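Okay, here's what each chain looks like letter by letter:
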Amino acid sequence: MTEKTYNIGVEATMEIIGGKWKAIILCHLRHGTMRSDELRRAIPTITQKILTQQLRELGADGIVHREIFNQVPPHVEYSLTERGETLNHVLNQLCTWGEQNIDERRANGEAITLIHRDDVPNKTVSPA
């Protein structure tokens, strides 16, 4: 096995949760188990192909668990693994920062729509 070298720790984090969709998927899954179609509804601009690909990659990295229920049609649920749950603090901070950024930009006159304000317990966000 070849040794990996990172210049800074955040590189290792971004290798796993980086990109457009992974952090968004993980933010939804930290609230609980979801089916693929529920994730698609929660993230309407993601394609099924990309969602499947991202879930597979997160599974391969030990962040997301995929459980298949034998029934017709097949029922598949996704949840965070214990390792994935260790990202919750980081994900909560990203959501909080993003909402505060939106609030500031709105206060400065920018037209922004936030469809869903996160409901992470014990966080403070200035009201819109």
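Residues numbered from 1 in each chain as written. Predicted model: local features only at pLDDT ≥ 70, side-chain atom pairs only at ≥ 80, totals over all residues. Heavy atoms only, no water.

Chemist: Can you break down the pairing of strand 2 (residues 64–69) residue by residue, with the values?
Modeler: Looking at chain direction, strand 2 and strand 3 (residues 75–80) are connected through six bridges and run antiparallel. Within strand 3, the residue paired with Ile 68 across the bridge is Val 76. Where strand 2 hands over to strand 3, the hairpin turn is made up of five residues, counted between the paired strands. (Pairing = 2+ DSSP bridges. Helix = DSSP H or I, 4+ residues; strand = E, 2+ residues; numbered from the N terminus.)

Chemist: Can you lay out the packing of helix 1 (residues 9–17) against helix 2 (residues 22–29) for me, pointing to particular residues and giving the numbers?
Modeler: The interhelical angle for the contact between helix 1 and helix 2, taken along N-to-C directions, is 80°, at an axis separation of 8 Å. What the angle tells us is that helix 1 and helix 2 run roughly perpendicular. In this structure, helix 1 contributes Glu 15, Ile 16 and Ile 17 to the contact, and helix 2 contributes Lys 22, Ala 23 and Leu 26. Tallied by class, the residues present in the contact of helix 1 with helix 2 amount to four nonpolar, no polar and two charged. (Axes fitted to C-alpha atoms, helices over the stretch in contact; angles between N-to-C directions. Parallel < 35°, antiparallel > 145°, perpendicular 65-115°, else oblique. Contact = heavy atoms within 4.5 Å. Nonpolar A, V, L, I, M, F, W, Y, C, P; charged D, E, K, R; others polar.)

Chemist: With reference to specific residues and values, describe unusual backbone geometry.
Modeler: Along the chain, Val 72 connects to Pro 73 via a cis peptide bond; the corresponding omega equals -10°. Here Pro 73 shows up in the loop between strand 2 and strand 3.

Chemist: Any details on the sheet that holds strand 1 (residues 34–35)? Residues and values, ideally.
Modeler: A sheet is described by the order of its strands in space; here three strands give the open sequence 1-3-2, paired in antiparallel fashion. Pairing within the sheet leaves two strands with one partner each, and these edge strands are strand 1 and strand 2. Together, strand 1, strand 2 and strand 3 form the strand contacts of helix 2, whose direction differs from that of strand 3 by roughly 95°.

Chemist: Tell me about the state of the cysteines, and please be specific about residues and values.
Modeler: Scanning all chains against the criterion turns up zero disulfides. Looking at the unpaired Cys 27, the closest cysteine sulfur is the one in Cys 95, lying at 3.3 Å. For Cys 95, a relative accessible area of 17% gives the class buried. (Disulfide = S-S within 2.5 Å. Buried < 20%, exposed > 50% of the residue type's maximum accessible area, 1.4 Å probe, protein only.)

Chemist: Could you give an account of the environment of Ala 23, naming the residues involved and the relevant values?
Modeler: Locating Ala 23 in the fold gives a position in helix 2. Expressed as a C-alpha distance, the spacing of Ala 23 and Asn 88, which sit 65 residues apart in the sequence, is 10 Å. Every residue in contact with Ala 23, bar those within four places of it in the chain, is listed here: Ile 17 and Leu 91.

That's the geometry; what it means functionally is another story.
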